[in-house]
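Observations on chain architecture
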Amino acid sequence: MPLITKLAATTDAPWEPIAPDKIIAGMPETRTVVLYEDATAKHYAGEWEATVGTWRIAYTEWEYVRMLAGHCVVTGDDGTTIEAGPGDSFVIEPGFTGTWEVRARMHKLWVIREG
C-alpha cells in the first residue's frame, strides 16, 4: 500500500434521504463520497453534501469537518452549539448526540476515525 495517496473529488454519488425517524424538520437529503479508506477500515476521508433540514445524530466515531459551502448548526443534547460556514472547521467526538441543522445547502470535507 502506498504511503501517500492523492484524492480526487467526484460528485457521482447519489442523493439519499435521511431516515424518517431521525428527521426533525424539512426533507433533508445527503450525498457522501468516500475518497479514502485505509487497510484497517478505521480511517476514512471524503466529501459530503446535504440539503436544508434538521435531524438527530449520534456519533460513535471521531470526525474532523472542513466546511466548503453552506451553513449548518450542530447542537449537542448538552446545549453545546457550533455554527459553521465556508472556511470553518470543527471536530465531533465519539459519544456526541444532538442535532444537525443545515440552514443553507452545504458541502464539507471530512476525516473520520473509527473506534
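So, here is what we can say about the structure in this document. The structure displayed is predicted, hence computed values, not measured ones.

1. What about the overall build of the protein chain?
A count of helices and strands for the protein chain gives zero helices and nine strands. Summarising its shape, the C-alpha atoms of the protein chain cover approximately 45 × 30 × 30 Å along the three principal directions. Taking all 115 residues of the protein chain together, 37% fall into the buried category. Summed over its atoms, the accessible surface of the protein chain is roughly 6800 Å², and 56% of this surface lies on carbon and sulfur atoms.

2. Some words on the pairing of strand 3 (residues 29-37)
Within a regular strand, the side chains alternate between the two sheet faces. Bridge count between strand 1 (residues 16-17) and strand 3: two bridges; the pairing is antiparallel. Note that in strand 3 the partner of Pro 17 across the bridge is Glu 29. The antiparallel hairpin formed by strand 3 and strand 4 (residues 43-50) contains five residues in its connecting segment, where Ala 41 sits at a positive phi of about 60°.

3. Considerations on the nonpolar core
Trp 55, Cys 72, Val 74, Phe 90, Trp 100 and Met 106 are the most contacted members of the largest nonpolar core, which has 20 residues in total. At the level of elements, strand 4, strand 5 (53-58), strand 6 (62-76), strand 8 (89-92) and strand 9 (97-113) are the ones that each hand at least two residues to this core. Ranked by residues supplied to this core, first place goes to strand 9 with five residues. Once residues within four sequence positions are removed from consideration, Met 106 is found in contact with Trp 48, Glu 49, Ala 50, Met 67, Ala 69, Gly 70, His 71, Cys 72 and Trp 100.

4. Some details on a nonpolar patch on the surface
A cluster of nonpolar residues, Tyr 64, Val 91 and Val 111, forms a patch on the protein surface that exposes about 210 Å² of accessible area. In this fold, Val 111 is placed in strand 9. Accessibility expressed as a relative area gives 37% for Val 111, which makes it partly exposed.

5. A word on the environment of Gly 87
Along the chain, Gly 87 falls in the loop between strand 7 (81-84) and strand 8. Placed 18 residues apart in sequence, Gly 87 and Ala 69 show a C-alpha to C-alpha distance of 8.0 Å. Residues within four places of Gly 87 in sequence aside, it is in contact with Arg 66 and Met 67.

6. Concerning the packing of aromatic side chains
Applying the stated rule across the entire model yields four aromatic pairs. Both rings, one in Trp 48 and one in Trp 100, keep their centres 5.4 Å apart while their planes meet at 70°; by these two values the pair is edge-to-face. With a gap of 52 residues between them, Trp 48 in strand 4 and Trp 100 in strand 9 connect regions that are remote in the sequence. For the pair shown, Trp 48 and Trp 100 are each scored as buried. An aromatic cluster of at least three residues, connected via ring pairs, comprises Trp 48, Trp 55, Phe 90 and Trp 100. Sitting over the face of the ring of Trp 48, Lys 108 holds its NZ or CZ atom 4.4 Å from the ring centroid. For Arg 113, the ring lying beneath its charged end belongs to Trp 62, and the centroid distance is 5.1 Å.

7. Points about the side chain of Asp 38
For Asp 38, the position within the fold is in the loop between strand 3 and strand 4. Of the side chains with opposite charge, Lys 42 lies nearest to the buried Asp 38, which makes no salt bridge, at 8.5 Å. Reaching out from Asp 38, the side chain makes a polar contact with the side chain of Thr 40 at a distance of 2.8 Å. Among the polar contacts listed, one links the side chain of Asp 38 to the backbone nitrogen of Lys 42, at a separation of 3.0 Å.

Here is what the cut-offs are and how they apply
- Residues numbered from 1 in each chain as written.
- Predicted model: local features only at pLDDT ≥ 70, side-chain atom pairs only at ≥ 80, totals over all residues.
- Heavy atoms only, no water.
- Helix = DSSP H or I, 4+ residues; strand = E, 2+ residues; numbered from the N terminus.
- Buried < 20%, exposed > 50% of the residue type's maximum accessible area, 1.4 Å probe, protein only.
- Areas by Shrake-Rupley, 256 points an atom, 1.4 Å probe, with all protein chains shown as cover.
- Pairing = 2+ DSSP bridges.
- Core = buried A, V, L, I, M, F, W, Y, C linked by side-chain atoms within 4.5 Å.
- Contact = heavy atoms within 4.5 Å.
- Patch = residues over 30% accessible without salt bridge, like charges linked within 9 Å, V, L, I, M, F, W, Y side chains within 5 Å.
- Salt bridge = Lys/Arg side-chain N within 4 Å of Asp/Glu carboxyl O.
- Phe/Tyr/Trp six-rings, centres within 6.5 Å; stacked < 30°, edge-to-face > 60°.
- Lys NZ or Arg CZ within 6 Å of the ring centre and 35° of its normal.
- Lys, Arg positive; Asp, Glu negative; His and termini not counted.
- Polar contact = N/O pair within 3.5 Å; in protein donor to acceptor, adjacent residues only side chain to side chain.

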